[in-house]
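Here is what each chain is made of, one letter per residue.
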Amino acid sequence: MDFELTDEQRMIQDSARRFVAKHYAERPAPVAQDRVDAARWKELADAGFLAIGQPADEGGIGGPEEIAIVCEAFGRGPILEPFI
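This text gives an overview of the structure that appears in the document. Keep in mind the model is a prediction, meaning the values are calculated, not measured.

Overview of the environment of Ile52
Part 1 of the argument: Assignment of secondary structure puts Ile52 in the loop between helix 2 (38-46) and helix 3 (64-75).
Part 2 of the argument: In sequence terms Ile52 and Ile69 are 17 residues apart; their C-alpha atoms lie 9.9 Å from each other.
Part 3 of the argument: Those residues in contact with Ile52 that sit more than four places away from it in its chain are Ile12, Ile61, Glu66, Ile67, Val70 and Phe83.

Regarding the pattern of salt bridges
Part 1 of the argument: Per the counting criterion, the structure on display carries four salt bridges.
Part 2 of the argument: Asp7 is the salt-bridge partner of Arg10, the closest N and O atoms lying 2.4 Å from each other. With Arg10 and Asp7 both in helix 1 (residues 7-23) and three residues apart, this pair spans about one turn of that helix.
Part 3 of the argument: Among the residues examined, Arg10 registers a relative accessible area of 34% and is labelled partly exposed.
Part 4 of the argument: We classify Asp7 as exposed; its relative accessible area is 60%.
Part 5 of the argument: Among the ionic pairs, Glu72 bridges to Arg76, the shortest N-O distance being 3.9 Å.
Part 6 of the argument: Under the relative-accessibility criterion, Glu72 is labelled partly exposed at 43%.

What counts and how
- Residues numbered from 1 in each chain as written.
- Predicted model: local features only at pLDDT ≥ 70, side-chain atom pairs only at ≥ 80, totals over all residues.
- Heavy atoms only, no water.
- Helix = DSSP H or I, 4+ residues; strand = E, 2+ residues; numbered from the N terminus.
- Contact = heavy atoms within 4.5 Å.
- Salt bridge = Lys/Arg side-chain N within 4 Å of Asp/Glu carboxyl O.
- Buried < 20%, exposed > 50% of the residue type's maximum accessible area, 1.4 Å probe, protein only.

The following block contains the structure:
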């Protein structure tokens, strides 16, 4: 089995890690359980993370492996938004 990331997967990984470093350098204040930080949610969407794992014919990219790559990167920061 080859566990090396493809170039596209490395790009996704780098992008997710940079996003965490930029937006979560400090621990954010938790939001109420029934609310999502709309501005941060838009940033996640604009960066393309919400398209990860969606069908390509609907504008999505990647699959389960790419979801895992993003989740790993997001796990390094205090991401409070419900990514999955």
